[in-house]
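# Overview (structure and organization)
Chain by chain, the residues:
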Amino acid sequence: MALVKSKIIKGGFYLTIVNLLSQLLAIVVNIVLARLLLPEDFGLVALTMTFIGFITLFTNMGFGSSIIHQSDTSQEQLSSIYWLNFGLSITSFLIVISTAHLAADFYDEERLTSIVHIAALSILLNPIFIIHYKLLERDLEFKTISRINLTGTVIGSLAAIAGAFLGFGVYALLLQPLVSSAVRLIFVLICKKWKPSIHFNFKEIKGMVWYSMRFKASNMALYFERNIDYLILGKFFTSVILGYYAFAYNIMYTPVKRISYIFSEVLFPSFSSFKEDKIKIINGYFKSVTLVAMVSVPAMAILAFNAELVIQTVFGNKWNEAIPIVRILCFAGAIQSISQFGGVVFASIGKPEVELYVSIGRTILTILAIVIGVQYGILWVAYLLVVAKALSYLLFLIVLNHHIPFSIKRLLQSLKGPMVSLVLLSTIYLLYYFKYLKIEALLLLVIMLIVATVILFIFHRQTITNVLNIIKEKQIDG
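Here the structure is a predicted model, which means the values were calculated and not measured.

### Thoughts on helix α7 (residues 142–165)
For α7, spanning 24 residues, the distance from its first C-alpha to its last is 34 Å, which sits close to the expected 34 Å at 1.5 Å a residue. At the exit of α7 stands G167, carrying a positive phi of roughly 85°.

Printed below as a string of structure tokens:
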């Protein structure tokens, strides 16, 4: 158990560092691409990825979860899973390319057909290495995973920027995921020497397939919750308006996704290692909530209150229409950041179907928000999405408490520092907005950064100290 705990801590450290680097890189790449490309390019890619994701929902079972959960899989079982996954991926690819014209007709975007055809190539790459990748996860080889992911991100980002400079337009945005997947494929196969046998027996993997189906079902509902906005908005608004929305959503969601990735990649394998001890799982969950919220809540608030300065300075005036959307969605991002990885708790105790029920409820709330919002414009969609995210997190907490009881005091304790920071930042902004605080926009940003940093140290000094100690230990070990 001590060895597992050590690997979990080291894994969290490596994934955190790599994701921080990846986040910084993503920011730089987004700035460059936003300056070189048009809003409608981002809108078209959002529609493309949503369409492909929708098709693969029903053809890709996501067997990686069963490999992590069932730690004693045999060579025969792994081989059978590998070939089944490979066959399903080929099926997905064929369905996507043969129905791309239907998506183009539905959204009245002729270019969507060729864009979908190119983007769909990633479907053929993933099954080649995804089982190997999940084996690395199961073995808690997070240092190796971190290096692979960072390398893929860097090379993919450089490819996208090069494509934008060469005038590839919307296709430059497709280069990043394609090149990144290709690089990950190469390095995963180098680092994980496992090879599938020429063997397939469905009876041997029936239990794993059933677990994956339960896990996948929850992810399907989660996909609809996170992407139903693009599916609906693409029909009601132009690709330009959708591009503004996608831009705003990415500014909010990219850091949330990175944070969630760290915790889902570490927490699911680690929680599964002591799945019978619910006390450890719930304590680990609330510690994770604190770690995420202490950064994400003040960061999202600062971005919301300084959106005009940040977007005009960094991305340029052509994105001015996205400013009010960014302001609103940042608050959705703050809520989503602490609810994003909650599903790993249910998966870790062997009940991934519970996350399905929660995701269905959240999806219904999201659909209601969008369907009502489109009647009044894109800003109303954003406002109602914030309400939907808040109600969704409340729903999750109610279900979580049913399976693993916890006190409201424990929840509030984990969010105390971030809430204090949010109240202070909001007060400062209101004083500025109503002209009681007569300062330049840049000075407002500086003041908010200082206040958030002070609150961070007051409430989370011990946590920061522990992180710094881990960094020192890694430097010594290195």
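### Here's the deal with the pattern of salt bridges
Enumeration according to the criterion identifies two salt bridges in this entry. Among the ionic pairs, E308 bridges to R327, the shortest N-O distance being 3.9 Å. You can see E308 sitting in helix α12 (residues 307–314) and its partner R327 sitting in helix α13 (residues 323–339), a full 19 residues away along the chain.

### Observations regarding the packing of helix α4 (residues 75–107) against helix α5 (residues 112–119)
For the pair α4 and α5, the least separation of the axes is 8 Å and the interaxial angle reads 145°. When you trace α4 past α5, the crossing you get is right-handed. Listed contacts from α5 to V96, I97, A100, H101, A103, A104 and Y107 of α4 are L112, T113, V116 and H117.

### With respect to a nonpolar patch on the surface
Together, Y357, I360, I364, L368, I372, Y376, L379, W380 and Y383 give the surface a local cluster of nonpolar side chains, amounting to about 980 Å² of exposed area. Residue assignment for the nonpolar patch shows that the elements contributing at least two residues are α15 (352–373) and α16 (378–403). Among the elements that take part in the nonpolar patch, α15 stands out by supplying five residues, more than any other.

### A word on the nonpolar core
Counting residues in hydrophobic clusters, the biggest one holds 95 residues, and the most contacted among them are L233, Y245, Y285 and L329. Among the nonpolar cores identified, the runner-up in size contains twelve residues, and I428, Y429, L445 and A452 belong to it.

### Digging into unusual backbone geometry
For D108, which is not glycine, the phi torsion reads 55° and is therefore positive. Mapped onto the fold, D108 is located in the loop between α4 and α5. Positive phi is not limited to glycine here, since K435 has a value of about 70°. Residue position: K435 is located in the loop between α17 (408–433) and α18 (441–477).

### Side note on the environment of L78
With respect to the helices and strands, the residue L78 is situated in helix α4. Considered as a pair, L78 and H132 are 54 residues apart in the sequence and their alpha carbons are 9.6 Å apart. With sequence-adjacent residues up to four places away left out, L78 is seen in contact with I67, T73, L135 and W194.

### Description of empty space enclosed by the protein
For the structure on display, the rule yields three cavities of 30 Å³ or more. In this structure, the largest cavity encloses a volume near 80 Å³.

### Re the packing of aromatic side chains
Applying the stated rule across the entire model yields 22 aromatic pairs. Both rings, one in F42 and one in W319, keep their centres 5.4 Å apart while their planes meet at 80°; by these two values the pair is edge-to-face. Of the two residues, F42 is situated in helix α2 (residues 39–57) and W319 in the loop between α12 and α13; the sequence distance between them amounts to 277 residues. Side by side, F42 and W319 carry an identical accessibility label, which is buried. Pairing Y245 with Y249 gives two aromatic rings, centres 6.0 Å apart and planes at 25°, and the pair type is stacked. With Y245 and Y249 both in helix α10 (residues 239–273) and four residues apart, the pair spans about one turn of that helix. Comparing Y245 with Y249, the two get one shared label, buried. A network of ring pairs unites the aromatic residues F42, Y244, F247, F315 and W319 as a single cluster. Over the ring of F106 we find K235, and its NZ or CZ is 4.5 Å from the ring centre.

### Side note on the layout of surface pockets
Where empty space is left can be seen by rolling a probe of water-molecule size over the atoms. If you add up the space inside the second largest pocket, you get close to 270 Å³. As for the second largest pocket, its lining consists of 16 residues, of which A334, I335, I338, Y393 and M419 are closest to the centre. Those elements that provide at least two residues to the lining of the second largest pocket are α11 (278–305), α13, α16 and α17. Among the elements that line the lining of the second largest pocket, the one with the most residues is α13, at five residues. Split into classes, the residues belonging to the lining of the second largest pocket amount to 16 nonpolar, no polar and no charged.

### Observations concerning the environment of A159
Note that A159 resides in helix α7. Separated by 17 residues in sequence, A159 and Q176 place their C-alpha atoms 6.2 Å apart.

About the cut-offs
- Residues numbered from 1 in each chain as written.
- Predicted model: local features only at pLDDT ≥ 70, side-chain atom pairs only at ≥ 80, totals over all residues.
- Heavy atoms only, no water.
- Helix = DSSP H or I, 4+ residues; strand = E, 2+ residues; numbered from the N terminus.
- Expected span 1.5 Å × (residues − 1).
- Salt bridge = Lys/Arg side-chain N within 4 Å of Asp/Glu carboxyl O.
- Axes fitted to C-alpha atoms, helices over the stretch in contact; angles between N-to-C directions.
- Left-handed = near helix turned anticlockwise from the far one by under 90°.
- Contact = heavy atoms within 4.5 Å.
- Patch = residues over 30% accessible without salt bridge, like charges linked within 9 Å, V, L, I, M, F, W, Y side chains within 5 Å.
- Areas by Shrake-Rupley, 256 points an atom, 1.4 Å probe, with all protein chains shown as cover.
- Core = buried A, V, L, I, M, F, W, Y, C linked by side-chain atoms within 4.5 Å.
- Buried < 20%, exposed > 50% of the residue type's maximum accessible area, 1.4 Å probe, protein only.
- 1 Å grid on protein atoms, 1.4 Å probe; cavity = no way out; pocket = protein on both sides within 12 Å on 5 of 7 lines; lining within 4 Å.
- Points joined across faces, edges and corners; volume = space filled by probe spheres on them.
- Phe/Tyr/Trp six-rings, centres within 6.5 Å; stacked < 30°, edge-to-face > 60°.
- Lys NZ or Arg CZ within 6 Å of the ring centre and 35° of its normal.
- Nonpolar A, V, L, I, M, F, W, Y, C, P; charged D, E, K, R; others polar.

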